[in-house]
Amino acid sequence: DHEKIIILNPQEVFSYLAQDTWMNLTGLYQSGWPYSTEATCELARITFDKLYGIHERKKIIITDLDGTLWHGVIGEVGGENINFSADENGYKHLLYQRLLNRLIVEGVLVAVCSKNDITVARSGLSRTDLVLNADNLIDVRVGWEPKSIMVERLLHEINVLPESAVFIDDSAFEIGEVQSRFPN
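Residues numbered from 1 in each chain as written. Predicted model: local features only at pLDDT ≥ 70, side-chain atom pairs only at ≥ 80, totals over all residues. Heavy atoms only, no water.

**Side note on unusual backbone geometry**
Filter applied, for reference: Each helix is a run of H or I in the DSSP string that is no shorter than four residues. Each strand is a run of E no shorter than two, and both are numbered from the N terminus. A simple rule labels every residue: compare its accessible area, found with a 1.4 Å probe on the protein chains alone, to the largest value its type can have, and call it buried under 20%, exposed over 50%, or partly exposed in between.
Even without glycine at this site, Asn159 takes up a positive phi of about 60 degrees. Structurally, Asn159 can be placed in the loop between helix 8 (147-158) and strand 4 (165-168). Judged by its relative accessible area of 70%, Asn159 falls in the exposed class.

Put into structure tokens, the structure is as follows:
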């Protein structure tokens, strides 16, 4: 049964990119991965779309900060020590921020929902080397109340239905807490 086989041809996926921007020879020689970060983000997006058959686009992504947007707990390590670089600990956060930038360009709203102190959170969001342009965030919800309440208020204020939102967090507890309020 070959109906369920999905083939992604990198030449087609990256057709709008010049080959020198989607190939990464250093990465190929060091790790065996031949694609640039930009190309990897595009491949991840297309793969996700193909695997999960997204027919209805979501309107907003609500993301956590610590362990999600960046590596590290900003309240413990400080804004200057969070990591989203191309090293071992920060690489997935770098890719995630680039993906969020891409989605913003495509018209998806992006907001932050974090249990944190607002001053501490802003020290990370205001870093000049942050890949995600924090000025493009529709809202930043930071505090100590349950995230489900912060998400509910945000969605109500911007008039977006919960089924049009995606909540992303590295904590299974936080995901479960939000999911309990929005079961679908």
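**Notes on the pattern of salt bridges**
For the record, the criterion: The term salt bridge refers to a side-chain nitrogen of Lys or Arg lying within 4 Å of a carboxyl oxygen of Asp or Glu.
A full pass over the atoms with the stated rule returns nine salt bridges. Among the ionic pairs, Asp129 bridges to Arg127, the shortest N-O distance being 2.8 Å. Sharing partners across several salt bridges, the network here consists of Asp64, Lys147 and Asp169.

**Re the sheet that holds strand 4**
The following threshold applies: For two strands to be treated as a pair, DSSP must find at least two bridges joining them. A fitted line through C-alpha atoms represents every axis, and for helices the fit uses only the stretch in contact; the resulting angles, taken between N-to-C directions, go from 0 to 180 degrees. Two residues form a contact once any of their heavy atoms are found within 4.5 Å.
Here we have four strands laid out as an open sheet, ordered 3-2-1-4, and parallel in their pairing. In this open sheet, the two edge strands, each paired with only one partner strand, are strand 3 (139-143) and strand 4. Across the sheet, the axes of successive neighbouring strands diverge by a mean angle of 15 degrees, strand direction being ignored. With four bridges connecting them, strand 1 (residues 60-63) and strand 4 associate as parallel partners. By the bridge assignment for strand 4, Ile61 is matched with Val166. Contacting strand 1, strand 2 (109-115) and strand 4, helix 6 (residues 91-105) runs over the sheet at an angle of about 155 degrees to strand 1.

**Concerning the pairing of strand 2**
If a strand is regular, its side chains alternate between the two faces of the sheet. Strand 2 sits mainly inside the fold: five of its seven residues count as buried. Pairing analysis gives four bridges linking strand 1 to strand 2, with the strands arranged parallel. When the bridges of strand 2 are listed, Ile60 appears paired with Leu109. Looking at chain direction, strand 2 and strand 3 are connected through five bridges and run parallel.

**Quick notes on helix 6**
In plain terms, the rule: A helix's residues, less one, multiplied by 1.5 Å, set its expected span.
Along its 15 residues, helix 6 runs 21 Å from first to last C-alpha, staying within 8% of the 21 Å computed at 1.5 Å per residue. The positive-phi residue at the C-terminal boundary of helix 6 is Gly107, with phi of around 100 degrees.

**What about the packing of helix 8 against helix 9 (residues 172-181)?**
The condition is simple: Note on angle classes: values under 35 degrees are labelled roughly parallel, values over 145 roughly antiparallel, values of 65 to 115 roughly perpendicular, and the remainder oblique. Crossing handedness follows the turn of the near helix against the far one: under a right angle anticlockwise gives a left-handed crossing, and clockwise gives a right-handed one. In this classification, Asp, Glu, Lys and Arg are treated as charged, Ala, Val, Leu, Ile, Met, Phe, Trp, Tyr, Cys and Pro as nonpolar, and every other residue, Gly included, as polar.
Viewed as axis vectors pointing N to C, helix 8 and helix 9 meet at an angle of 50 degrees, and their least axial separation amounts to 8 Å. When the axes of helix 8 and helix 9 are compared, the pair comes out oblique. Along this stretch, helix 8 crosses helix 9, giving a crossing that reads as right-handed. Two secondary-structure elements touch here, helix 8 through Lys147, Ser148, Ile149 and Glu152 and helix 9 through Glu174, Glu177, Val178 and Arg181. A class-by-class count of the residues in the contact of helix 8 with helix 9 yields two nonpolar, one polar and five charged.

The analysis is restricted to geometry; functional conclusions fall outside its scope.
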